[in-house]
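Each chain, written out:
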Amino acid sequence: MRRAVYPGSFDPVTFGHLDVIERSLKIVDELIIGVLRNHTKNPLFSVEERVSMLKESTKQFSHVRVESFDGLLVDFAVQSEAAVIVRGLRAITDFEYELLMSQTNSVLNPSVDTVFLTTRLQYAYLSSSTVKEVALMGGDISKFVPEHVMRHVYDKYERKD
Ligand code: PNS
């Protein structure tokens, strides 16, 4: 049984994340999506809201579990009995941060490895921050996130459609 952890803030989940999830499932038998709880980034959504949006967005996949975690990612991977961490890589700007994070994680626990999936070109520009900024300015985010997520984002910004 090959099990991997796909960690992140998911504030909120985007089509880019969902693409990485779908493609990871071709490589691993089970994917545990880990939503970071104690985040310094001051998220728009509570961890419960982020988990719930991810559960709804991945309900068609039988080998996906969505959980929240606190503390170190490598500890969450060990607790989940996963030897692999999956991360999406969009552009060269992601690379340095991702490299440092994966190297830090492998020093903290050499038995956990990180695998990167390059984001599909159609989502290369997309991030949760972009989604929030466009929504805040009243723009259309239907090409970025599933419809139920779009409604939650607009609700947060009290947009009425
Ligand atoms: O979606 P994000 O915000 O890029 O995800 C970042 C995340 C959650 C993967 C990262 O912040 C993380 O793993 N945090 C847990 C704390 C940790 O393990 N830090 C040491 C590795 S740098």
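One can find the structure itself at the top, above this paragraph.
Since the structure is predicted, the reported quantities are computational estimates derived from the model, not experimental observations. (Residues numbered from 1 in each chain as written. Predicted model: local features only at pLDDT ≥ 70, side-chain atom pairs only at ≥ 80, totals over all residues. Heavy atoms only, no water.)

## What to know about the sheet that holds strand β1 (residues 3-8)
Short version of the rule: By this definition, two strands are paired if DSSP reports at least two bridges between them. Numbering of helices and strands runs from the N terminus; a helix is a DSSP stretch of H or I covering at least four residues, while a strand is a stretch of E covering at least two. Note on definitions: angles span 0 to 180 degrees between N-to-C directions of axes, and those axes are lines fitted to C-alpha atoms, for helices only across the stretch in contact. Pairs of residues are marked as contacts when any of their non-hydrogen atoms sit within 4.5 Å.
Across the sheet, 5 strands lie side by side as β3-β2-β1-β4-β5; this open sheet has parallel pairing. The sheet terminates laterally at β3 (64-69) and β5 (113-118), the two strands that pair on one side only. Within the sheet, the average angular offset between the axes of one strand and its neighbour, ignoring direction, is 30°. Across 2 bridges, the pairing between β1 and strand β4 (residues 84-89) is parallel. Its bridge partner lying in β4, Ala-4 is registered against Val-84. Contacts from helix α2 (residues 47-57) reach β2 (30-36) and β3 within the one sheet, and its direction differs from that of β2 by about 155°. Across the face of the sheet, helix α4 (residues 92-108) comes into contact with β4 and β5 while running at roughly 170° to β4.

## A word on the packing of aromatic side chains
Centre-to-centre distance and the angle between the planes together describe a pair of aromatic rings. Note the threshold: We call Phe, Tyr and Trp rings a pair once their centres come within 6.5 Å, taking the six-membered ring for Trp, and we label the pair stacked below 30 degrees between planes, edge-to-face above 60, and tilted otherwise. Working definition: with a 1.4 Å probe on protein chains only, accessible area under 20% of the residue-type maximum means buried, over 50% means exposed, and in between means partly exposed.
According to the stated counting rule, one finds 4 aromatic pairs in the structure shown. An angle of 15° between the planes, with centres 4.7 Å apart, marks the rings of Phe-69 and Phe-76 as stacked. For the residue pair Phe-69 and Phe-76, the accessibility class agrees, reading buried in each case. Ring geometry for Tyr-125 versus Phe-144: centroids 5.9 Å apart, planes at 65°, classification edge-to-face. In this pair, Tyr-125 is assigned in the loop between β5 and α5 (128-136) and Phe-144 in the loop between α5 and α6 (147-156), connecting sequence segments 19 residues apart.

## What to know about the pattern of salt bridges
The following threshold applies: A pair is scored as a salt bridge if a Lys or Arg side-chain nitrogen falls within 4 Å of a carboxyl oxygen belonging to Asp or Glu.
Scanning the entire structure with this criterion turns up 12 salt bridges. The partner of Glu-48 in a salt bridge is Arg-37, with the nearest N and O atoms 3.5 Å apart. Of this pair, Glu-48 sits in helix α2 while Arg-37 sits in the loop between β2 and α2, and the two are 11 residues apart along the sequence. Residues Glu-147 and Arg-151 are paired through a salt bridge, measuring 3.8 Å at the closest nitrogen-oxygen approach. Taken together, the residues span about one helical turn, with Glu-147 and Arg-151 both in helix α6 at a distance of 4 residues. Look at Arg-151 and you get partly exposed, because its relative accessible area is 45%. Salt bridges sharing partners connect three or more residues here, namely Arg-3, Glu-30, Arg-65 and Glu-67.

## Focus on the site of the ligand
To keep it simple, the criterion reads: Proximity is defined per residue: if any heavy atom of the residue lies within 4 Å of a molecule or strand, that residue is considered near it. Pairs of N or O atoms are called polar contacts if they sit within 3.5 Å, as long as, within protein, a hydrogen donor faces a hydrogen acceptor (for residues adjacent in sequence, only side-chain-to-side-chain pairs). Only the protein chains shown count as cover for residues, and the accessible areas themselves come from Shrake-Rupley with a 1.4 Å probe. Points on a 1 Å grid over protein atoms alone make up a cavity when a 1.4 Å probe fits among them but cannot get out, and a pocket when they form an open set with protein on both sides within 12 Å along at least five of seven lines; lining residues each have an atom within 4 Å of a point. Those molecules having more than half of their atoms within 2 Å of a cavity or pocket grid point set are described as sitting in that cavity or pocket.
What surrounds the ligand is a group of 13 residues, the closest being Ser-9, Lys-41, Leu-73, Arg-87 and Asn-105. The side chain of Ser-9 places a nitrogen or oxygen atom 2.5 Å from an oxygen atom of the ligand. Arg-87 is positioned such that a nitrogen or oxygen atom in its side chain is 3.0 Å from an oxygen atom of the ligand. Starting from 550 Å² of accessible surface for the ligand in isolation, the protein chains cover 77%. With respect to the pocket detection grid, the ligand is positioned in the largest pocket. Within the residue set of the shell around the ligand, elements represented by two or more residues are β1 and α4. It is α4 that contributes the most residues to the shell around the ligand, 3 residues altogether.

Nothing here speaks to function; it is geometry throughout.
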